[in-house]
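Chain by chain, the residues run as shown.
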Amino acid sequence: MSQQSLTVIGLGPMGQAMVKALIEAGIEVTVWNRTAAKAEAMAELGAHRAETAAEALDANRVIILSLTHYQAMYDILGPAADHLRGKVIANLSSDSPENTREGAAWATEHGAQYLVGGFMSQGDDIKHPDSYLYLSGPKDVFEAHRDLLRPLSRQEYLGDDYGLAQVFYQAELALFHAFLIGWEQALAIVDRSGADLDRFVAGASGHPNSYRDFMREFAEGAKHGGWGDLHSFKMMHAGAQHVIDASEDLGVDARLTRTVQDYYRRAIEATDKAGHPVPVYRIIRGDAA
Ligand SMILES: NC(=O)c1ccc[n+]([C@@H]2O[C@H](COP(=O)([O-])OP(=O)(O)OC[C@H]3O[C@@H](n4cnc5c(N)ncnc54)[C@H](OP(=O)(O)O)[C@@H]3O)[C@@H](O)[C@H]2O)c1
């Protein structure tokens, strides 16, 4: 069997995790990184080190990019753009869907094929069973390279639209960011109260399915304009005040909950003005001016 090979450009925590997973899967990997020391560390694990970005492009047909944002792709590949023809660029860096579509147009105009990825990984643990990789771009390009990319994570291919992987990825991050800050506030409340933090964590982290059920119920509600009526908005507004009081009495920052409460205040005001329920979803969606 012929040796499979590819190039990884960008060796932050994610690029390094990818290089390790690919080498473990028996794939020959060439690397390049702006800060050379990170490439040297990967060479010690068995990767080939390219001296320049152009050399990294020339080394293989399939090139993975793992960069902070799309601007880094232009910074790195722009000066080597005449080396892009005939390559397959799998850009697994985060950015907006619009920037992603522009990036795909730029790469394909230079004669490359293109795939987009968004890693919903457990940090940089891409081999964790709950990690997965959203992918989008032309189906034939995905089908031709899915096996080579398989060591990276479970794949969720979404369709031809280059931006779609970023739509799903950024949408999940919107939830994830709020969730993480909310969790830190919850921990701070319990910690500051002097209660047993481990006992709280064991209980609170033991029923994630209740969030799944709310996700589904609110998604159904969203199809009909959003969840709730005036009574529920007032109930949520008052409930948010109790979280604010519980937090601030202990010296815990409650800015996240103040933002939450403000959404319900706006829903109450908009409902009063319209004479019918204007749910928070319509305010967030931007169609309740
Ligand atoms: N870390 C995670 O847990 C995680 C999880 C899921 C998704 N992601 C996403 O995956 C991507 C990679 O993540 P990461 O944590 O490895 O990112 P990172 O630490 O920000 O680094 C990625 C790479 O980008 C390079 N880079 C940034 N700007 C550059 C520029 N202008 N020119 C040349 N190189 C540039 C860095 O080079 P230097 O080494 O020279 O600085 C580094 O190799 C990001 O888009 C991130 O949002 C990360």
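Residue numbers run consecutively from 1 along every chain, following the written order of its sequence. Totals for whole chains, interfaces and linings use every residue, but because this is a predicted model, local features are given only for residues with pLDDT of at least 70 and side-chain atom pairs only at 80 or more, for both listing and counting. Side-chain metrics rest on all non-hydrogen atoms present in the structure, leaving aside hydrogens and water.

### A closer look at the sheet that holds strand 5 (residues 88-91)
Strand pairing is assigned whenever DSSP detects at least two bridges linking the two strands. Under the DSSP-based scheme used, a helix requires at least four consecutive residues in state H or I and a strand at least two consecutive residues in state E, with every element numbered from the N terminus. Across the sheet, which stays open at both edges, the 8 strands sit in the order 3-2-1-4-5-6-7-8 with mixed pairing between neighbours. The sheet is open, and its two edges are formed by strand 3 (48-49) and strand 8 (154-157), each paired on a single side. Pairing of strand 1 (residues 5-9) with strand 2 (residues 28-32) involves 5 bridges; the strand directions are parallel. Its bridge partner lying in strand 2, V8 is registered against V31. Residue contacts are counted whenever heavy atoms from the two residues lie within 4.5 Å of one another. To define axes, lines are fitted to C-alpha atoms, for helices over the stretch in contact only, and angles between the resulting N-to-C directions are given on a 0 to 180 degree scale. Each of strand 1, strand 2, strand 4 (62-65), strand 5 and strand 6 (113-120) touches helix 4 (residues 70-77); the most contacted strand, strand 6, lies at about 140° to it. Along the sheet, helix 7 (residues 164-193) contacts strand 6 and strand 7 (132-136); its crossing angle with strand 6, the most-contacted strand, is approximately 15°.

### Overview of the layout of surface pockets
Looking at the second largest pocket, its volume works out to about 400 Å³. Those elements that provide at least two residues to the lining of the second largest pocket are helix 1 (13-24) and helix 4. When its residues are assigned to classes, the lining of the second largest pocket shows 7 nonpolar, 8 polar and 3 charged. Buried and open spaces are told apart on a 1 Å grid over the protein atoms alone, a cavity being a set of points where a 1.4 Å probe fits but cannot get out and a pocket being an open set with protein on both sides within 12 Å along at least five of seven lines. Residues with an atom within 4 Å of a point are the lining residues. Grid points are joined across faces, edges and corners, and a volume is the space filled by probe spheres set on the points. Under this grouping Gly is polar, as are all residues other than the nonpolar Ala, Val, Leu, Ile, Met, Phe, Trp, Tyr, Cys and Pro and the charged Asp, Glu, Lys and Arg.

### Concerning the site of the ligand
Neighbouring residues of the ligand: 22 residues in total, closest N33, T35, K38, T68 and S94. Between N or O atoms, a polar contact is any pair within 3.5 Å; within protein, one atom must be a potential hydrogen donor and the other a potential acceptor, and residues adjacent in sequence are included only when both atoms are from side chains. In the model, an oxygen atom of the ligand is placed 3.4 Å from a nitrogen or oxygen of the G12 main chain. Taking P13, its main chain carries an N or O atom lying 3.2 Å from an oxygen atom of the ligand. Contact with the protein chains removes 78% of the 890 Å² of surface that the ligand exposes when unbound. Proximity is defined per residue: any heavy atom of the residue falling within 4 Å of a molecule or strand makes that residue near it. Only the protein chains shown count as cover for residues, with accessible areas throughout obtained via the Shrake-Rupley method and a probe of 1.4 Å.

### Some details on the packing of helix 7 against helix 8 (residues 197-204)
Orientation of helix 7 relative to helix 8, taken along the N-to-C sense of each, is 140°, at an axis distance of 9 Å. For the element pair helix 7 and helix 8, the recorded crossing hand is right-handed. Taken together, the residues of helix 8 that come into contact with helix 7 (itself represented by W183, A186, L187, V190 and D191) are L197, F200, V201 and A204. For the contact of helix 7 with helix 8, the class distribution of residues is 8 nonpolar, no polar and 1 charged. Helix crossings get a hand from a simple test, with the near helix turned counterclockwise from the far one by less than a right angle marking a left-handed crossing and a clockwise turn marking a right-handed one.

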